[in-house]
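# Secondary and tertiary structure notes
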Amino acid sequence: MSTFPLTRHRRLRTSPDLRDLVAETQLHRNDLVVPLFVTGEGPEQQPIDSMPGYFRYAPQALLRRMEDYMNKGLTRFILYAKISTAAKDNTGLGALDPSGLFPAAIAQIKSVFPECTLFTDIALDPYSSYGHDGLVKDGEIVNDPTVEVLAQMAVLHAASGADFVAPSDMMDGRVLALRRALDKAGYLQTGILAYSAKYASAFYGPFRDALDSAPGFGDKSTYQMDYRNAREAIKETLADIEEGADLVMVKPALAYLDIITRIRAVSPVPIAAYQVSGEYSMIKAAAEKGWLQEERAIQETLIAIKRAGADVIITYFAEQTLPWLS
Ligand code: PBG
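The structure displayed is predicted, hence computed values, not measured ones. (Residues numbered from 1 in each chain as written. Predicted model: local features only at pLDDT ≥ 70, side-chain atom pairs only at ≥ 80, totals over all residues. Heavy atoms only, no water.)

## Observations regarding the pattern of salt bridges
Going through the model one piece at a time under the given rule, you end up with 15 salt bridges. For Glu319, the salt bridge is made with Arg65, and the minimal N-O distance between the two is 2.5 Å. Residue Glu319 is found in helix α11 (residues 318–321), and its partner Arg65 is found in helix α2 (residues 59–71); the two are separated by 254 residues along the sequence. Since its relative accessible area comes to 16%, Arg65 is described here as buried. (Salt bridge = Lys/Arg side-chain N within 4 Å of Asp/Glu carboxyl O. Helix = DSSP H or I, 4+ residues; strand = E, 2+ residues; numbered from the N terminus. Buried < 20%, exposed > 50% of the residue type's maximum accessible area, 1.4 Å probe, protein only.)

Pasting the structure below:
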């Protein structure tokens, strides 16, 4: 390529209009999924201390909040439930109660907004007295018995109306078990969004406040991935695709852009990235202190995630980005 003075890179940057024309990456509202927190106790709308501007809602209030989102063209959601401490144990049975908070909320949402796309969280941590994603036996998070419960949980969510179940637990073999159980129960069209490359991360802290689900002992490193590993993410992702995942996910997002790019190169299915709670709170906190400009930081991080290769972005900033989306 010929160089200066024949080539002047700045020519393509001279005006906002021209920069928009040649921009390689666009963010669209169709890329975005909104996380929702439902709770069965307390006030209608509950602030989450470590996530300023984000709330848990009682079921009716959640429906009203969703109406705002729907009216603004945000029609994809991922639902999490905050379970009361009294209802938590180490059996997983709470997750299988057909009249529980989570299935009831799914059914209500899909009856009021049948046209929305609803992803639901499959994992035991909200129901676990230990705050772990699986059943605990002798201090260990046991894989196969957990997978059996998760498969039943997925069938219950599908029966309640979930469009996609999203296993966030990182047990081995759970995607295959979910696919088999869903098919056997007749839910052939219920999809699976697999948290395939989910790392053991410091950035989940605020989410655990939101659900009161922090692990009571140890951490999650025996099931979530070690952030020193990248090739392992490809192994996990290809396994999930073989097991029947319709969509795969990298989580968190910003510290894992290389993982998104690497998976993009090998994955035949669309890739989601989760801009997690800590990524949200970090920007909010710095902006509150006046240390960076909030809107600019949000745009820059979301564009980076898209540029890295994500097709779908789960983000607590979805609504805040709307004014600058085309
Ligand atoms: C747990 C789960 C977590 C998140 C989604 N599902 C936390 C964890 O693994 O401890 C984190 C999401 C976020 O931080 O925004 N199954």
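Next, the rest of the story.
## Some points on the environment of Ala162
Locating Ala162 in the fold gives a position in the loop between α4 (143–160) and β8 (164–167). Sequence-wise, Ala162 and Lys110 are 52 residues apart; in three dimensions their C-alpha atoms are separated by 7.7 Å. The residues contacting Ala162, other than those within four sequence positions of it, are Ile106, Leu118, Thr120, His157 and Thr190. (Contact = heavy atoms within 4.5 Å.)

## Comments concerning the site of the ligand
Taken together, 16 residues sit near the ligand, with Arg208, Lys220, Lys251, Ser277 and Tyr316 positioned nearest. Contacts to the ligand include Tyr316, whose side-chain N or O atom sits 2.6 Å from an oxygen atom. Classifying every residue of the shell around the ligand gives 7 nonpolar, 3 polar and 6 charged. (Near = heavy atom within 4 Å. Polar contact = N/O pair within 3.5 Å; in protein donor to acceptor, adjacent residues only side chain to side chain. Nonpolar A, V, L, I, M, F, W, Y, C, P; charged D, E, K, R; others polar.)

## Looking at the nonpolar core
Formed by 107 residues in total, the largest nonpolar core has its most connected members in Phe37, Leu79 and Leu193. With 7 residues, the single largest contributor to this core is α4. The contacts of Leu193, once residues within four sequence positions are left out, are Ile78, Phe119, Phe164, Val165, Ala166, Pro167, Leu247, Val248, Met249, Ala272 and Ile314. (Core = buried A, V, L, I, M, F, W, Y, C linked by side-chain atoms within 4.5 Å.)

## Observations regarding the side chain of Gln275
Tracing the chain through its elements places Gln275 in strand β11 (residues 271–275). Relative accessible area serves as the criterion here: at 1%, Gln275 is assigned to the buried category. In this structure the side chain of Gln275 is engaged in a polar contact, spanning 2.6 Å, whose partner is the side chain of Thr315. Beyond its immediate chain neighbours, meaning those up to four positions away, Gln275 contacts Ala253, Thr301, Leu302, Ile305, Ile314, Thr315, Tyr316 and Phe317.

## As for the pairing of strand β4 (residues 76–82)
Burial analysis of β4 places 6 of its 7 residues in the buried class, which makes it a mostly covered element. Relative to β4, strand β1 (residues 32–39) runs parallel, the two being bridged by 6 bridges. When the bridges of β4 are listed, Val34 appears paired with Phe77. Taken together, β4, helix α3 (residues 101–112) and strand β5 (residues 117–122) form a β-α-β motif whose crossover is right-handed. (Pairing = 2+ DSSP bridges. Right-handed = clockwise from strand over helix to strand, strands pointing away.)

## A look at the packing of aromatic side chains
One pass over the structure, following the stated rule, counts 16 aromatic pairs. Directly above the aromatic system of Tyr204 lies the positively charged group of Lys251, at a separation of 4.7 Å from the ring centroid. It is Lys251 that lies over the ring of Phe207; its NZ or CZ is 6.0 Å from the centre. (Phe/Tyr/Trp six-rings, centres within 6.5 Å; stacked < 30°, edge-to-face > 60°. Lys NZ or Arg CZ within 6 Å of the ring centre and 35° of its normal.)

## A word on helix α7 (residues 231–243)
Over its 13 residues, α7 extends 19 Å from the first C-alpha to the last, a length consistent with the 18 Å expected when each residue adds 1.5 Å. Along α7, the positions that sit buried rather than exposed are Ala233, Ile234, Glu236, Thr237, Asp240, Ile241 and Glu243. Looking at the buried positions of α7, the neighbouring elements they touch are α5 (174–184), β9 (191–198), β10 (247–251) and α8 (257–266). At the exit of α7 stands Gly244, carrying a positive phi of roughly 115 degrees. (Expected span 1.5 Å × (residues − 1).)

## Some points on the packing of helix α9 (residues 277–288) against helix α10 (residues 294–308)
One can describe the packing of α9 onto α10 by two numbers: an axis separation of 9 Å at closest approach and a directional angle of 155 degrees. In terms of orientation, α9 and α10 fall into the roughly antiparallel class. When you trace α9 past α10, the crossing you get is right-handed. Taken together, the residues of α10 that come into contact with α9 (itself represented by Ile283, Lys284 and Ala287) are Glu294, Ala297, Ile298 and Thr301. Residues of the contact of α9 with α10, tallied by class, amount to 4 nonpolar, 1 polar and 2 charged. (Axes fitted to C-alpha atoms, helices over the stretch in contact; angles between N-to-C directions. Parallel < 35°, antiparallel > 145°, perpendicular 65-115°, else oblique. Left-handed = near helix turned anticlockwise from the far one by under 90°.)

Honestly, that's just the spatial picture; any functional story needs more than this.
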